[in-house]
Amino acid sequence: MYIAEQIKRLRSELPEGVNLLAISKYQPIESLQEAYDAGQRMFGENHIQEMAAKAAAMPKDIAWHFTGHVQTNKIKYMASFVSLIHAVDSFRLLREINKHAAKHNRVIDCLLQIHIAQEDTKYGLTVQECRELLAHEPWRELENVRVVGLMAMGSNTDDMEQVRGEFRQMKQLFDELTDVLGFCYERQQAGEDDEEFEALIAARTTARKEKNWAEADRIRDELKAQGIILEDTPQGVRWHRA
């Protein structure tokens, strides 16, 4: 029960508005299930095919986050269910995610990865590249992806002042881009319940694709009972609270 105890302890210590993402890469299904039974619903993986295998084996109300470097030829394996992609570092990658999301009638949330570390082993856009990407309109024409925030990794160093300086730079960029991204940052205020709703919606989309109408209707009714109203649009399924 070590995992369950740690999950409960960490969740009790989180400030209001902060969610716990359990990085579950290389962990067996049994460990994920113990965390799930303790109430954990957000899991992060950095290998797409490993995440897809776990998603198939685990309950369908999990919000799966992809935290690794995204290979364009493997997006298809997660497009039907992934909740949030953490490491988008080019417009080309955004466009490719958009293409695969459209095939599943979904809108996939993404974070732009910013390179702030003073080392070459990290990926990401430079601050200026990020500004230039968002200053041009083509990204707004992608109807099946949604840029909801920024992600960065600090330098691997014991110099905490350097790391703090890097993340101060990130906060300044975040504040600068708030007006550019507008409503997209609303996800930052969303609670873990919203992640669970989106995971259920993804499961309903899969059921509809497989023509499992009974399962799709069951999920719709479950969401409705929780005050969530679904709206099917050409760009994907939208939801709002009743």
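Preceding this section is the structure that the text describes.
Residues numbered from 1 in each chain as written. Predicted model: local features only at pLDDT ≥ 70, side-chain atom pairs only at ≥ 80, totals over all residues. Heavy atoms only, no water.

### A word on helix α6 (residues 160-181)
Working step 1: Compared with the 32 Å implied by 1.5 Å per residue over 22 residues, the 30 Å span of α6 between its first and last C-alpha is a close match.
Working step 2: The largest bend in α6 is about 30°, located at Asp175.
Working step 3: For α6, every residue scored as buried is listed here: Val163, Glu166, Met170, Leu173, Leu177 and Leu181.
Working step 4: The inward-facing, buried residues of α6 abut β5 (108-114), α5 (127-135) and β6 (145-152). (Helix = DSSP H or I, 4+ residues; strand = E, 2+ residues; numbered from the N terminus. Expected span 1.5 Å × (residues − 1). Bend = angle between axes of the 7 residues up to and from the residue. Buried < 20%, exposed > 50% of the residue type's maximum accessible area, 1.4 Å probe, protein only. Contact = heavy atoms within 4.5 Å.)

### A few points about the nonpolar core
Working step 1: Residues Leu94, Leu112 and Ile114 are the most contacted members of the largest nonpolar core, which totals 48 residues.
Working step 2: Setting aside residues up to four positions removed in sequence, Ile114 forms contacts with Tyr123, Gly124, Leu125, Val127, Cys130, Leu150, Met151, Ala152, Met170 and Leu173. (Core = buried A, V, L, I, M, F, W, Y, C linked by side-chain atoms within 4.5 Å.)

### Brief notes about the pairing of strand β3 (residues 63-66)
Working step 1: The alternating pattern of β3 places Ala63 and His65 on one face and Trp64 and Phe66 on the opposite face, and all of these are buried.
Working step 2: Here strand β2 (residues 42-45) runs beside β3; their pairing, made up of 4 bridges, is parallel. Along β3, the bridge assignment pairs Gly44 with His65.
Working step 3: In terms of handedness, the path from β2 via helix α3 (residues 48-57) over to β3 forms a crossover that is right-handed.
Working step 4: Judged from the 2 bridges that link them, β3 and strand β4 (residues 84-88) form a sheet pairing that is parallel. From the neighbouring strand, Phe66 faces β4, where its bridge partner is Ile85. (Pairing = 2+ DSSP bridges. Right-handed = clockwise from strand over helix to strand, strands pointing away.)

### Here's the deal with unusual backbone geometry
Working step 1: At Tyr26, a residue that is not glycine, the phi angle is positive and equals roughly 70°.
Working step 2: Mapping Tyr26 onto the fold places it in the loop between β1 (22-23) and α2 (29-37).
Working step 3: With a relative accessible area of 58%, Tyr26 lands in the exposed category.
Working step 4: Its identity is not glycine, yet Asn105 carries a phi of approximately 55°, on the positive side.
Working step 5: For Asn105, the location among the structural elements is in the loop between α4 (91-103) and β5.
Working step 6: Note on Asn105: relative accessible area 29%, which makes it partly exposed.

### Observations concerning the pattern of salt bridges
Working step 1: Under the definition given, this model contains 14 salt bridges.
Working step 2: Linking Arg146 and Asp109 is a salt bridge whose minimum nitrogen-to-oxygen distance equals 2.6 Å. Separated by 37 residues along the polypeptide, Arg146 in strand β6 and Asp109 in strand β5 bring together distant segments of the chain.
Working step 3: You can call Asp109 buried: its relative accessible area is 2%.
Working step 4: The partner of Glu222 in a salt bridge is Arg218, and the shortest N-O contact between them spans 3.0 Å. Taken as a pair, Glu222 and Arg218 lie in helix α8 (residues 213-225) at a separation of 4 residues, close to a single helical turn. (Salt bridge = Lys/Arg side-chain N within 4 Å of Asp/Glu carboxyl O.)

### Things to note about the environment of Lys76
Working step 1: Its location among the elements puts Lys76 in the loop between β3 and β4.
Working step 2: For the pair Lys76 and Gln49, spaced 27 residues apart in sequence, the C-alpha separation works out to 10.0 Å.

### With respect to the sheet that holds β3
Working step 1: Spatially, β1-β2-β3-β4-β5-β6 is the arrangement adopted by the 6 strands of the open sheet, whose pairing is parallel. Looking at which strands have only one partner, the edges of the open sheet turn out to be β1 and β6.
Working step 2: Against the sheet, α3 contacts β2 and β3, and its axis sits at roughly 175° relative to β3. (Axes fitted to C-alpha atoms, helices over the stretch in contact; angles between N-to-C directions.)

### Topic: the pairing of β5
Working step 1: The buried count for β5 comes to 7 of 7 residues, which makes it a mostly enclosed element.
Working step 2: The alternating pattern of β5 places Ile108, Cys110, Leu112 and Ile114 on one face and Asp109, Leu111 and Gln113 on the opposite face, and all of these are buried.
Working step 3: In this sheet, β5 lies alongside β4 in parallel orientation, the contact comprising 3 bridges. The partner of Leu84 across the bridge, within β5, is Asp109.
Working step 4: Between β4 and its parallel partner β5, the chain crosses via α4, and the hand of that crossover is right-handed.

### Concerning the environment of Ala22
Working step 1: Of note, Ala22 is situated in strand β1.
Working step 2: In this structure the C-alpha to C-alpha distance between Ala22 and Tyr36, which are 14 residues apart in sequence, comes to 10.0 Å.
Working step 3: Non-local contacts of Ala22, meaning those with residues more than four positions away in its chain, are made with Gln40, Met42, Phe43 and Gly44.

Distances and angles like these do not, on their own, reveal function.
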